[in-house]
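Structure at a glance
Here's the letter readout for the chains.
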Amino acid sequence: MKQLDVLIREAGRFDLATPASTTLTDNEAEVGRVMQICNACRYCEGFCAVFPAMTHRIEFEKADIHYLANLCHNCGACLHACQYAPPHEFAVNVPQAMAKVRGQTYSDYAWPPALGALYRRSGLTVALALAGGLALFLMLLLGTRAELLGQPLGGDFYAFFPHNTLALLFGAVFGFAVLALGVGVSRFWRSITPGEATGPAVAEATHDVLRLKYLDGGHGEGCNNADDAFTLWRRRFHHFTFYGFLACFAATAVATLYHYLLGMPAPYALTSLPVLLGSIGGVGLLIGPAGLLWLNLRRHPAQGDAAQKPMDRGFIALLLLTSATGLAVLAGRNSGAMGVLLAAHLGVVMALFATLPYGKFAHGIYRSAALLKWAIEKRQPNRLSLGSD
Amino acid sequence: MFDVVVIGGGNAALCAALMARETGASVLLLEAAPRAWRGGNSQHTRNLRCMHDAPQDVLVEAYPEEEYWQDLLRVTGGLTDEALARLVIQASSHCRDWMRRHGVHFQPSLSGALHTARTNAFFMGGGKALVNAYYRSAERLGVQIRYDAAVDALELEDGRFVAVRLGEERIPARACVLAAGGFESNREWLREAWGQNDNGEWPADNFLIRGTRFNQGTLLKFMIDAGADTVGEPSQSHCVAIDARAPLYDGGICTRVDCVSLGIVLNRHAERFYDEGEDFWPKRYAIWGRLVARQPGQIGYSIIDAKAIGRFMPPVFPGVKADTLPELARRLGLDEAAFVRTVADYNAACRVGRFNHTVLDDCHTTGLTPAKTHWARPLDTPPFYGYALRPGITFTYLGLKVDAHAAVHFGGRPSPNLFVAGEMMAGNVLGQGYLAGIGMSIGTAFGRIAGTHAAQAARQGTHHEAA
Ligand SMILES: Cc1cc2nc3c(=O)[nH]c(=O)nc-3n(C[C@H](O)[C@H](O)[C@H](O)COP(=O)(O)OP(=O)(O)OC[C@H]3O[C@@H](n4cnc5c(N)ncnc54)[C@H](O)[C@@H]3O)c2cc1C
Ligand code: SF4
Ligand code: SF4
């Protein structure tokens with residue numbers, strides 16, 4: 001058995017051309033090993049893009065492994081369907097192997113590189129960011145009001161926090177998040193040598209991202225969560241989350257336009273566009289993350305990387321807090337608690353923005369890049385002419 | 001008391017259990033394996049051979065009944081029962097709607113198996129996904145399932161099934177379906193069936209089992225001893241050449257080595273022993289197990305050079321690699337001088353024309369015995385690779401004789417309430433040879449028939465009891 005073990009490990013280091021594979025980390029070598037087995041089997045080709053992309057290769061080097069790991073949506077289908085999954089001695093667990101490398105790529109490509117370590121301490125990162133965000137706004141609140149609870153001010157946010165201060169603070173943090181993620185993902189993009197993105201490839205990738213195509217299981221019944229049964233709820237809760245987030249973001253953007261372009265400062269009526277968008281988005285962002293958390297808690301333990309659960313749940317918690325506090329501000333905007341509620345909401349949002357480049361949010365960005373590469377790659381002819389029985 | 005007890009936990013058993021339950025019977029399914037290993041050889045399958053007169057979702061063009069039948073007649077050399085075979089073929093044209101209702105998904109032919117796009121419907125995710133879907137459906141419908149339940153024997157009364165014996169336990173039921181696979185996992189039985197060769201070796205001791213470890217043939221043996229009518233020879237089994245490093249059980253599909261026709265194959269004495277380029281690999285795949293089984297030590301070595309890389313399905317284990325032929329011989333543990341001589345003779349005999357692996361090309365050897373009749377190119381481009389090969393048993397052919405109702409027979413008389421399906425009776429239709437995907441067609445057709453008739457027999461049994 002020991003010898004077999006060694007052989008199976010070696011299967012992952014199949015070096016026909018270059019010995020670059022010697023520099024693989026253990027997690028990467030495991031993906032290489034598993035892909036070598038899958039490439040000889042291919043039963044899971046119909047589930048997602050990972051297996052068709054795999055068939056374009058006969059060896060798996062670092063860049064291939066990073067690409068495939070990020071292309072994997074961790075849907076779990078190929079674990080439950082695998083004839084070589086544990087307890088089989090081949091111990092194939094594609095989603096787990098991919099998840100581990102994925103986590104590693106977020107740190108590896110992170111910018112500035114020193115902050116890449118935050119991914120590995122994601123629970124702590126979220127906690128500190130949250131504490132910092134809350135402290136900041138509570139202090140600001142105390143600075144303007146000298147007391148936390150007070151007379152209702154008719155929903156006038158800027159009586160608490162001047163608009164320009166908010167715009168500056170959030171603009172800076174959000175700008176940094178965009179920059180950091182942008183640099184990270186472009187480093188990833190360059191390393192996986194994507195080739196030329198044509199219009200149709202971009203369109204297809206966009207479609208696959210926005211529809212979360214690869215959470216449909218390849219047959220439309222969805223992915224696996226607790227067991228080998230399929231469910232569409234992970235996809236749906238992702239949609240609630242993503243589009244809820246977008247609606248909230250749009251609400252803020254519209255309000256900013258109202259403020260600067262139309263000279264209409266908040267508060268806005270309940271039927272105004274910013275409040276409507278914010279409310280719809282807030283509800284979406286409440287249902288989505290709550291659902292994802294529920295699924296996360298019931299997830300089959302063999303799917304994915306247990307070490308990343310704190311990161312998953314930290315991000316989910318921040319999203320939930322964002323919507324919950326946002327809706328609380330709306331509900332309490334005519335009460336004396338408005339100041340505290342607003343400070344809490346802004347603190348949470350600040351923490352969310354600050355951790356965007358160093359937490360679970362990154363998965364969407366890297367996944368989108370990998371999907372674009374796949375959309376490009378599948379349009380190129382497969383250079384291998386393999387035949388079998 | 002259960003109406004129907006189904007013994008086995010693979011495709012045939014599940015089809016039988018689902019059909020019996022759908023007709024209203026109470027059903028108990030007994031699977032020898034623990035849950036993690038459930039599904040027998042069925043969990044290693046990938047497709048089902050389907051008759052169709054026009055393009056059908058994942059299937060292109062047409063594969064009419066007559067063509068299917070002629071294919072079967074050819075591979076079995078006539079060792080088939082036409083009526084039962086046609087029943088399977090016809091059932092294969094419409095069983096997929098039922099399969100889908102129970103959660104099975106299909107997909108077009110896998111890359112690397114495009115030659116089956118017309119004849120075979122592939123299971124999305126393979127046989128384990130299919131088995132999972134059937135188990136979910138069975139649980140939902142209220143089939144009682146027990147794992148770790150290896151049945152030892154049956155209680156029979158004059159050709160009539162009475163009860164199942166499972167250790168100390170006795171489980172009576174009104175009818176029974178046997179779907180416990182062949183005896184390919186039983187190494188003792190294989191040893192006995194293959195016997196001893198002229199060199200005093202027991203060839204089967206060196207065989208690997210491609211599928212489950214749970215098909216011990218306990219019930220097959222029990223039924224034969226109980227006087228049930230049989231079909232097929234115990235020495236017959238489907239046997240392919242697989243990577244010698246494959247695990248003893250459950251290596252499945254990925255351990256095959258697909259580069260035979262691109263190079264040469266040597267035995268332990270570094271001699272060639274068969275025409276590697278006789279025909280397309282898919283057509284010759286299944287003879288190499290037997291060829292290797294006849295070689296000393298039951299081992300072969302497939303040798304290729306760098307020209308072959310990227311032309312065959314990637315193997316699961318890396319080949320033994322060397323920059324020179326003598327080094328490869330040493331690494332493979334073969335006699336260096338003999339190895340180099342064999343390759344040199346082969347290289348000198350190659351008449352290279354226009355190499356084309358997709359047709360029976362004109363690259364061949366002259367004056368060499370055995371000849372290599374196609375795709376013969378000298379092994380001259382390093383690095384060189386070698387793969388050790390062993391016979392891998394897919395399934396055995398020995399089974400129980402049935403009629404169109406899947407009834408077990410004793411002395412030519414059908415049992416009123418004992419039925420059999422799947423590999424345990426596949427020999428009625430496939431007496432020898434193989435046609436990709438027909439195992440699942442037989443198991444699905446006869447599993448469903450057996451389930452239906454067992455439920456019916458149980459109902460009649462109840463009438464008898466009431467009367
Ligand atoms: C690697 C491989 C690939 C294959 N690919 C294909 C393919 O693509 N298409 C195709 O058509 N065929 C394929 N075959 C053949 C196919 O597997 C069989 O024809 C088919 O699975 C037989 O189904 P079955 O239900 O009769 O047997 P199995 O699926 O083997 O099920 C037998 C069941 O009986 C149980 N059992 C055994 N003894 C007992 C006992 N005493 N008590 C209780 N339970 C018992 C076992 O645990 C098992 O669950 C393949 C075979 C192998 C090995
Ligand atoms: S996950 Fe398992 S069944 Fe799927 S392709 Fe890989 S080895 Fe095959
Ligand atoms: S987990 Fe899902 S997305 Fe990832 S490789 Fe497996 S089937 Fe594809």
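Residues numbered from 1 in each chain as written. Chains lettered and ligands numbered in written order. Predicted model: local features only at pLDDT ≥ 70, side-chain atom pairs only at ≥ 80, totals over all residues. Heavy atoms only, no water.

In the nomenclature of an unreviewed UniProt entry, chain B corresponds to Precorrin 3B synthase CobZ from the organism Pseudogulbenkiania ferrooxidans 2002. A UniProt comment under Cofactor (unreviewed entry) is attached to chain B, and it reads "FAD". (UniProt positions renumbered as here; feature names shortened; annotations may be inferred.)

Chain A carries the name CitB domain protein in an unreviewed UniProt entry, which gives Pseudogulbenkiania ferrooxidans 2002 as its organism.

A count of helices and strands for chain A gives 14 helices and 2 strands. Its C-alpha atoms give chain A a radius of gyration of 23 Å, near enough to 21 Å, the size a compact globule of 389 residues would have. Taking the contacts inside chain A whose residues are at least 6 apart along the sequence as the reference set, 76% of them involve residues at least 24 apart. Carbon and sulfur atoms provide 67% of the accessible area of chain A, an area that totals close to 16000 Å². For chain A, the centre of its 30 positive side-chain charges and the centre of its 25 negative side-chain charges are spaced 6 Å apart. (Helix = DSSP H or I, 4+ residues; strand = E, 2+ residues; numbered from the N terminus. Rg over C-alpha atoms; globule rule 2.2 N^0.38 Å. Contact = heavy atoms within 4.5 Å. Areas by Shrake-Rupley, 256 points an atom, 1.4 Å probe, with all protein chains shown as cover. Lys, Arg positive; Asp, Glu negative; His and termini not counted. Charge placed at Lys NZ, Arg CZ, Asp CG, Glu CD.)

When pLDDT is averaged along chain B, the result is 96, and 99% of the positions lie at 70 or above. Across the interfaces of the predicted complex, the ipTM metric reaches 0.95, alongside a pTM of 0.94. (pLDDT = per-residue confidence, 0-100.)

The next subject is the UniProt feature "domain: FAD-dependent oxidoreductase 2 FAD-binding" (unreviewed entry) in chain B. Here the UniProt feature "domain: FAD-dependent oxidoreductase 2 FAD-binding" (unreviewed entry) sits at residues 3-439 of chain B. Within residues 3-439 of chain B, the helical portion is 24% and the strand portion 22%, while the C-alpha atoms at the span's ends are 27 Å from each other.

Next up on the list: the UniProt feature "transmembrane region" (unreviewed entry) in chain A. Per the UniProt record, "transmembrane region" (unreviewed entry) is found at residues 124-146, 166-185, 240-261, 273-295, 315-332 and 338-358 of chain A. Within the segment residues 240-261 of chain A, helix and strand shares are 95% and 0% respectively, and the terminal C-alpha atoms sit 30 Å apart.

A few words on the packing of helix H4 (residues 62-71) of chain A against helix H14 (residues 362-377) of chain A. Axes are the key here: two packed helices are described by the angle between their axes and the distance separating the axes. Residues and elements named next belong to chain A. The interhelical angle for the contact between H4 and H14, taken along N-to-C directions, is 110 degrees, at an axis separation of 8 Å. Between H4 and H14, the interaxial angle falls into the category roughly perpendicular. Residue-level inspection shows Tyr67, Asn70 and Leu71 of H4 in contact with H14, the latter providing Tyr366, Arg367, Ala370, Leu371, Lys373, Trp374 and Glu377. (Axes fitted to C-alpha atoms, helices over the stretch in contact; angles between N-to-C directions. Parallel < 35°, antiparallel > 145°, perpendicular 65-115°, else oblique.)

What follows concerns the site of ligand 3. All names here are of chain A. Ligand 3 sits among Phe47, Cys48, Val50, Phe51, Cys72, His73, Asn74, Cys75, Gly76, Cys78, Val94 and Pro95. When residues of the shell around ligand 3 are traced back to their parent elements, those giving at least two are helix H3 (50-54) and helix H6 (94-109). Of the residues contributing to the shell around ligand 3, the split by class is 9 nonpolar, 3 polar and no charged. (Near = heavy atom within 4 Å. Nonpolar A, V, L, I, M, F, W, Y, C, P; charged D, E, K, R; others polar.)

Let's shift gears to the pairing of strand E20 (residues 407-410) of chain B. Residue and element names in this part refer to chain B. Burial along E20 is two-sided: the face carrying Ala407 and His409 and the face carrying Val408 and Phe410 are both buried. Bridge count for E20 against strand E21 (residues 413-420) is 3 bridges, and the pairing is antiparallel. Directly across from Phe410, in E21, lies its bridge partner Arg413. Linking two consecutive strands that pair antiparallel, namely E20 and E21, is a turn of 2 residues; a positive phi of about 55 degrees is found at Gly411 within it. (Buried < 20%, exposed > 50% of the residue type's maximum accessible area, 1.4 Å probe, protein only. Pairing = 2+ DSSP bridges.)

So, on to the pattern of salt bridges. Taken as a whole and judged by the stated rule, the model has 33 salt bridges over all chains. Between Glu169 of chain B and Arg146 of chain B there is a salt bridge whose closest N-O contact spans 2.8 Å. One end of the pair, Glu169 of chain B, is in strand E9 (residues 169-178); the other, Arg146 of chain B, is in strand E6 (residues 144-146), with 23 residues separating them in the sequence. Through salt bridges with shared partners, a single network forms among Arg57, Asp64, Lys373 and Glu377 of chain A. (Salt bridge = Lys/Arg side-chain N within 4 Å of Asp/Glu carboxyl O.)

This part takes up the packing of H6 of chain A against H14 of chain A. All names here are of chain A. Viewed as axis vectors pointing N to C, H6 and H14 meet at an angle of 95 degrees, and their least axial separation amounts to 11 Å. Regarding the angle of H6 to H14, the classification is roughly perpendicular. Of the residues in H14, those in contact with Arg102, Tyr106 and Tyr109 of H6 are Ala362, His363, Tyr366 and Arg367. Counted by class, the contact of H6 with H14 contains 4 nonpolar, 1 polar and 2 charged residues.

Across chain A, the average pLDDT comes to 89, with 91% of residues at 70 or higher. Of all the helices and strands in chain A, helix H1 (residues 2-11) of chain A carries the lowest mean pLDDT, 44, while helix H5 (residues 77-80) of chain A carries the highest, 98.

What follows is about the domain arrangement of chain B. Often, the extent of an interface is quoted as the loss of accessible area on bringing the components together. All names here are of chain B. Split by domain assignment, chain B resolves into domain 1 (2-182 + 217-231 + 398-466) and domain 2 (237-391). A separation of 37 Å is found between the C-alpha centroids of domain 1 and domain 2. Both sides of the domain 1 and domain 2 interface together cover about 530 Å² of buried area, and 64% of this is carbon and sulfur. Where domain 1 touches domain 2, the interface holds 0 salt bridges. Put simply, domain 1 and domain 2 have 1 residue pair in polar contact (both at pLDDT 80 or more) between them. (Domains from an automatic or database assignment. Buried area = accessible area lost by both parts, 1.4 Å probe. Polar contact = N/O pair within 3.5 Å; in protein donor to acceptor, adjacent residues only side chain to side chain.)

Strand order in the open sheet formed by 3 strands is E3-E5-E4 (chain B), and the pairing between neighbours is antiparallel. The open sheet has two free edges, formed respectively by strand E3 (47-49) and strand E4 (106-107) of chain B, since each of these has just one partner strand.

All right, on to the interface of chain A and chain B then. In this assembly, 44 residues from chain A lie in contact with 51 residues from chain B. Summing both sides of the interface, chain A and chain B together bury roughly 4000 Å²; the carbon and sulfur share of this comes to 58%. Inspection of the chain A/chain B interface yields 3 salt bridges. As a salt-bridge pair, Arg136 of chain B and Asp228 of chain A come within 2.5 Å of each other at their nearest N and O atoms. Residue composition of the side of chain A that touches chain B, by class: 23 nonpolar, 13 polar and 8 charged.

By size, the foremost hydrophobic cluster in this structure holds 106 residues, and its most contacted members are Val4, Met99, Leu154, Leu178 and Phe446 of chain B. Examining the composition of this core, we find that 11 residues originate from one element, helix H12 (residues 438-466) of chain B, more than from any other. Dropping the residues within four chain positions of it, Phe446 of chain B is found in contact with Leu84, Leu87, Val88, Val402, Asp403, Ala404, Ala406, Ala421 and Met425 of chain B. By size, the runner-up hydrophobic cluster in this structure holds 69 residues, among which are Tyr106 and Tyr214 of chain A together with Met124 and Val316 of chain B. (Core = buried A, V, L, I, M, F, W, Y, C linked by side-chain atoms within 4.5 Å.)

This part takes up the environment of Gly433 of chain B. Residues and elements named next belong to chain B. Tracing the sequence through the fold places Gly433 in the loop between E21 and H12. On the accessibility criterion, Gly433 (27% relative accessible area) is partly exposed. Each C-alpha atom, one on Gly433 and one on Leu360, is 22 Å from the other, the two residues being 73 residues apart in sequence.

What follows deals with helix H6 (residues 187-194) of chain B. Residues and elements named next belong to chain B. Inspection of H6 places Trp189, Leu190 and Trp194 among the buried residues, and these make up the whole buried set. The arc that holds every buried residue of H6, seen down its axis, measures 125 degrees, which confines them to one face. Opposite the buried face of H6, at more than 90 degrees from it, the exposed residues are Glu188 and Glu192. The backbone nitrogen of Glu188 has a side-chain oxygen 3.2 Å away, supplied by the residue at the start of H6, namely Asn186. Once H6 finishes, Gly195 follows within two positions and takes phi at roughly 65 degrees, a positive value. (Arc of directions from axis to C-beta.)

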